[in-house]
Amino acid sequence: MILGDETLGQEETEAKFRTILLDAMDIRRVGLFALGQYARLPTPEERDIYFDLLGDFIVEVYLGRLTGYSNEEFVVTGSNEKGKKGREVIVDSKIVFQDGREPLKVNWWLLRNKDGSFNVFDVNVEGIWMAQEQRGTFTSHIRNNGGKFSALIDHLRTQTGAKAAANGASEVTPVDTTEAAG
């Protein structure tokens, strides 16, 4: 388990966790869902920035919530098709703690790709669906800032800190029109 591997440094742990999580998740689908009614609002450039920042944000959220779970046992307890077309599956699992605490229930909402593989669309931890929670947060943030998509981008930059720039998230730099001429 990556999070419990004491031979890895913090940066290496985060890099490996990032790779596994982002390979498993459908960031574009999650990102568009999280925008709700505002999914058509961003320009193509803003959309690219948003997806980069969203990946960083998701990694930080999950890494933060899972840090400290190092010797626990992860157990898949079942799965059920969601819907009638076989494109969605809910996988039930739990984290069993070594200290005797009550197990933590985790459900994974998987979506089938055209090639038959699956990607994670959402994760439910003790009754809270993460993508749905972010949808409420993101749409409220845009709405509360006059419908400006740039406000959400700024919010995500703040939440992810300098890591977003270090991981290749591009930035839109405003042009300074107040510069005095010669």
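Here, the structure is the one placed above.
Let us look at the structure shown here. What you see is a predicted model, and the numbers here were worked out from it, not measured in a lab. (Residues numbered from 1 in each chain as written. Predicted model: local features only at pLDDT ≥ 70, side-chain atom pairs only at ≥ 80, totals over all residues. Heavy atoms only, no water.)

Check the secondary structure of the protein chain and you find 6 helices and 5 strands. Each helix (α) and strand (β) of the protein chain, taken in turn from the N terminus, gives the series α-α-α-β-β-β-β-β-α-α-α. Evaluated residue by residue, the protein chain yields a buried proportion of 37% over its 182 residues. Restricting to contacts in the protein chain with at least 6 residues of sequence separation, those with at least 24 account for 48%. Summed over all atoms, the accessible surface of the protein chain reaches about 11200 Å², with 50% contributed by carbon and sulfur. (Helix = DSSP H or I, 4+ residues; strand = E, 2+ residues; numbered from the N terminus. Buried < 20%, exposed > 50% of the residue type's maximum accessible area, 1.4 Å probe, protein only. Contact = heavy atoms within 4.5 Å. Areas by Shrake-Rupley, 256 points an atom, 1.4 Å probe, with all protein chains shown as cover.)

Before going further, it helps to spend a moment on the pairing of strand E1 (residues 73-82). Direction of pairing for E1 relative to strand E2 (residues 88-96): antiparallel, over a ladder of 9 bridges. Looking at E2, one finds that Val75 is bridged to Lys94. (Pairing = 2+ DSSP bridges.)

Under the defined criterion, the tally for this structure stands at 4 salt bridges. Asp56 serves as the salt-bridge partner of Arg18, at 2.9 Å between the closest nitrogen and oxygen. Highlighted residues: Arg18 in helix H1 (residues 10-24) and Asp56 in helix H3 (residues 44-66), separated in sequence by 38 residues. Like Arg18, the residue Asp56 is buried in the burial classification. Asp99 is paired through a salt bridge with Arg101; the nearest N and O atoms lie 3.0 Å apart. On the basis of relative accessible area, Arg101 is assigned to the partly exposed category, the value being 44%. (Salt bridge = Lys/Arg side-chain N within 4 Å of Asp/Glu carboxyl O.)

Turning our eyes to something else, we now look at the packing of aromatic side chains. All told, the structure shown has 8 aromatic pairs when counted by the stated rule. Aromatic pair Tyr50 and Phe149: ring centres 5.6 Å apart, planes at 70 degrees, arrangement edge-to-face. With Tyr50 in helix H3 and Phe149 in helix H5 (residues 149-160), the pair connects residues that are 99 residues apart, well separated along the chain. Classification of Tyr50 by relative accessible area gives buried; the value is 0%. (Phe/Tyr/Trp six-rings, centres within 6.5 Å; stacked < 30°, edge-to-face > 60°.)

The next thing to look at is the environment of Trp108. Within the element layout of this structure, Trp108 appears in strand E3 (residues 104-112). Separated by 18 residues in the primary sequence, Trp108 and Ile90 have C-alpha atoms spaced 5.5 Å apart. Leave out the neighbours within four places in its chain, and Trp108 touches Phe74, Val89, Ile90, Val91, Ser93, Val120, Asp122 and Val123. There is a polar contact of 2.9 Å between the side chain of Trp108 and the side chain of Ser93. (Polar contact = N/O pair within 3.5 Å; in protein donor to acceptor, adjacent residues only side chain to side chain.)

Our next topic: the sheet that holds strand E5 (residues 128-129). The antiparallel open sheet is built from 5 strands, whose spatial order is E1-E2-E3-E4-E5. Pairing within the sheet leaves two strands with one partner each, and these edge strands are E1 and E5.

Right, let's talk about the environment of Gln98 for a bit. With respect to the secondary-structure elements, Gln98 resides in the loop between E2 and E3. You can call Gln98 exposed: its relative accessible area is 55%. In this structure the C-alpha to C-alpha distance between Gln98 and Glu72, which are 26 residues apart in sequence, comes to 5.8 Å.

Here the focus is the packing of helix H4 (residues 130-143) against H5. In contact at an axis separation of 7 Å, H4 and H5 are set at 125 degrees when each is read in the N-to-C sense. Considering the angle they form, H4 stands oblique to H5. Regarding H4 and H5, the two cross each other, and that crossing is right-handed. Contact with H4, carried on its side by Phe138, His141 and Ile142, involves Phe149, Ala151, Leu152, His155 and Leu156 of H5 and no other residues of that element. Considering only residue class, the contact of H4 with H5 consists of 6 nonpolar, 2 polar and no charged. (Axes fitted to C-alpha atoms, helices over the stretch in contact; angles between N-to-C directions. Parallel < 35°, antiparallel > 145°, perpendicular 65-115°, else oblique. Left-handed = near helix turned anticlockwise from the far one by under 90°. Nonpolar A, V, L, I, M, F, W, Y, C, P; charged D, E, K, R; others polar.)

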